[in-house]
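Architecture at a glance
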Amino acid sequence: MQQIPFRKRLLRKRIHNARSMNKKKYFDFVIVGQGLAGLAAAYYASEQGTVALVSKENFNISNSYLAQGGIASAISPDDSIKQHYKDTIAVGKNLCNKKAVKILVAEGKNIVREIISLGMKFDRNNTELDISLEGGHSKRRVLHSNGSSTGKELVRFFRSLITKNENITLFGNSFLFRILVRNRDAHGALFYNYKTQKDFRLLTYRTIIATGGLAGIYHKSTNPLSTSGDGIIAAYNAGAEIENIEFIQFHPTALNKKSCPPFLLSEALRGDGALLVDNNGKRIFSNTELTELSPRDELSKAIYQYISAGKNRNVFLSLSQIEKSVIRRKFSYLLNELKKYGIDIITSGIPVAPAAHYTVGGIKTGLFGETNITGLYAIGEAASAGVHGANRLASNSLLECLVFAKRCVKHSRSSSFTTPIKPEPESSLTIEDKNEKIFHKVRNQIAKILWEDVGIIRNAASLIRAKEKLSKLREKYSIPGNEYYLLQIQNLIQLALLLTNGALARKESRGCHIRSDYPNQNKKFERNSSQINKHTRLLKIRRER
Ligand SMILES: Cc1cc2nc3c(=O)[nH]c(=O)nc-3n(C[C@H](O)[C@H](O)[C@H](O)COP(=O)(O)OP(=O)(O)OC[C@H]3O[C@@H](n4cnc5c(N)ncnc54)[C@H](O)[C@@H]3O)c2cc1C
């Protein structure tokens, strides 16, 4: 095994001591999350040292697994990374970090080629890659796999690369509770294992948070319930800076049928000719500047306003313009899934409405996933690396997972520490079953508050209302102690407050943050928002990106 080239011999000695102190619990990398970002990071990190790959859910429950449309990469001959860069910047509405976007599109193209050469199969038309068009892209640029099962296939592919890898130890059913920090250095994390009902610590000099976003805490969301911002709030509690958290992307076309989940209807459908129509099959936006491929924020707002403007106003996605053979070949997954809800997408329109979909902001990082805490990294949807600005260009997030997973491992190899690995003693968690019911009740309350008052269209009145309700909940559940469900309740309330405070402070409409009381973009707010936990008393470091 290749050794990590640490600069100081002293440091090497400290690591050795930590290892021999508790052999089972020390790893060169602790990676939390088994979505695409975590899996890719584990693959690259395993070439450098030992890896603990931890996850609270099975590998098939994550946003990555659900991703349908594909992964963006300027791979076709009539496209260029310059054009991909331009499209990303345009959708990000002047808030993207230009350096980060350059890295995303350029390194992204290489990494897509790399995984193809490693055996990842993307769909082809005969021998040529079958490249799709999606909203906000000026070129056909989206590679897909097994029709609309791209996320599933990417997850399977990376799992196949890491299974049987002796350097990787998997910790399933394990919930990240706390990041262990001492003197501004992260030393691993505290977890709770649902099965053994015990907590345990994993020590490391490189803690990588790949726990995904938070959009699953909204009442209507395309994300699984488990996408609940755990890593973001754990990082916040540890003193990490949280950036642009008010930018939640709502997807315009989620299934809108009573007692059915808001299942995502991929943009790729509209890229192939699906139309947005009313009850009578008439195109809804034909007399406006909007098209079916307008950016997500614009379409979500328009569809939401159309539906809310009166009774019995519905929006349908009609696939009548797409050849049946194309639907069967490219969208077989959707065809089968929607049959379960009694909808035949070939013969009838699909009722759609917007739903919370993607967390644009998150844990603030530099260009290598590094945070303001030494040894703490964030990648994938949990991170705010600056590539999306005020809104995300469709299919850029799977690409971000791969690019920043690789960069993060590269950087963390050379990070240096000021203190030996010796986290503060942690008191053990307790668990009281009676609190489980309370947790679910509060979670539902928060989901509704966010959906109604911090939703697609916000304003000062709705945000202040949300803040008041959340503050009352906080008061009620500020019970000291280390009880599992109560800590989760407190974290969820804190997360919802971060979102609400961010949205209140941004007195403008930009990208996917839409305020009815400030309908225009305002130059004064052309900067990233930042929130940091005062109680951790860490010095705030401004990091040049
Ligand atoms: C329906 C849908 C369709 C999408 N389609 C596309 C698409 O076509 N193209 C595209 O680019 N993007 C798409 N996206 C977005 C994209 O899938 C995600 O942004 C990306 O996959 C996020 O990957 P991730 O690895 O950061 O997080 P995730 O894939 O969400 O993985 C998070 C991991 O962290 C674990 N975890 C969470 N909390 C804890 C905790 N407390 N303790 C331990 N483990 C924890 C979870 O169990 C999971 O393993 C889609 C998203 C959805 C929901």
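For the structure itself, consult the block above.
Described below are features of the structure shown in this document. Every value quoted in this text rests on a predicted model; they were computed, and no experiment measured them. (Residues numbered from 1 in each chain as written. Predicted model: local features only at pLDDT ≥ 70, side-chain atom pairs only at ≥ 80, totals over all residues. Heavy atoms only, no water.)

Topic: the packing of aromatic side chains
In this structure the tally under the stated criterion is 20 aromatic pairs. An aromatic cluster is present here, built from Phe175, Phe177, Tyr192, Tyr194, Phe439, Tyr484 and Tyr485 joined pairwise through their rings. Between Arg313 and the ring centre of Tyr306, over which it is positioned, the NZ or CZ distance is 4.0 Å. Between the NZ or CZ atom of Arg392 and the centre of the ring of Tyr358, over which it lies, the distance is 4.1 Å. (Phe/Tyr/Trp six-rings, centres within 6.5 Å; stacked < 30°, edge-to-face > 60°. Lys NZ or Arg CZ within 6 Å of the ring centre and 35° of its normal.)

Here we look at the site of the ligand
Taken together, 37 residues are adjacent to the ligand, and Ser64, Gly70, Leu176, Glu381 and Ser397 come closest. Between the ligand and Gly70 there is a distance of 2.7 Å, counted from a nitrogen atom to a backbone nitrogen or oxygen. Between the ligand and Leu176, the relevant distance is 2.7 Å, taken from a nitrogen atom to a main-chain nitrogen or oxygen of the residue. When the ligand sits alone it has 1000 Å² of accessible area, and the protein chains cover 98% of it. Where the shell around the ligand is concerned, the elements lending two or more residues are helix H2 (36-45), helix H3 (63-66), strand S9 (174-182), strand S17 (350-359) and helix H12 (396-412). Broken down by element, the residue count for the shell around the ligand peaks at four residues, all from H12. Classifying every residue of the shell around the ligand gives 12 nonpolar, 20 polar and five charged. (Near = heavy atom within 4 Å. Polar contact = N/O pair within 3.5 Å; in protein donor to acceptor, adjacent residues only side chain to side chain. Areas by Shrake-Rupley, 256 points an atom, 1.4 Å probe, with all protein chains shown as cover. Helix = DSSP H or I, 4+ residues; strand = E, 2+ residues; numbered from the N terminus. Nonpolar A, V, L, I, M, F, W, Y, C, P; charged D, E, K, R; others polar.)

Section: unusual backbone geometry
Phi angles above zero are rare outside glycine, and Asn94 is one such case at about 65 degrees. Here Asn94 falls in the partly exposed class, since its relative accessible area comes to 47%. Its identity as a non-glycine residue notwithstanding, Arg184 has a phi of 70 degrees, on the positive side. (Buried < 20%, exposed > 50% of the residue type's maximum accessible area, 1.4 Å probe, protein only.)

Examining the sheet that holds strand S2 (residues 51-54)
Strand order in the open sheet formed by five strands is S8-S2-S1-S12-S19, with parallel pairing between adjacent strands. At either margin of the open sheet sits one strand with a lone partner, and together these are strand S8 (168-171) and strand S19 (376-378). Across the sheet, the mean angle separating the axes of adjacent strands is 20 degrees when strand polarity is ignored. (Pairing = 2+ DSSP bridges. Axes fitted to C-alpha atoms, helices over the stretch in contact; angles between N-to-C directions.)

Quick look at the environment of Ser529
Mapped onto the elements, Ser529 comes out in the loop between strand S22 (514-515) and strand S23 (530-531). For Ser529, a relative accessible area of 18% puts it in the buried group. Each C-alpha atom, one on Ser529 and one on Thr359, is 14 Å from the other, the two residues being 170 residues apart in sequence. Apart from the residues lying within four places of it in its own chain, the contact partners of Ser529 are Ile242, Glu243, Asn244, Ile245, Glu246 and Arg506. (Contact = heavy atoms within 4.5 Å.)

Some details on the nonpolar core
By size, the foremost hydrophobic cluster in this structure holds 74 residues, and its most contacted members are Ile179, Phe191, Leu202, Ile209, Tyr218, Ile363 and Ile446. For this core, the two domains that each supply at least three residues are domain 1 (17-60 + 155-247 + 358-388) and domain 4 (434-521). Excluding its chain neighbours within four sequence positions, the residues that come into contact with Ile179 are Ala186, Gly188, Ala189, Ile209, Ala234, Ala235, Ala238 and Leu376. One finds Ala40, Val155, Ile208 and Val409 within the second-largest nonpolar core, a separate group that totals 49 residues. (Core = buried A, V, L, I, M, F, W, Y, C linked by side-chain atoms within 4.5 Å. Domains from an automatic or database assignment.)

Treat this as a map of the structure, not an account of what it does.
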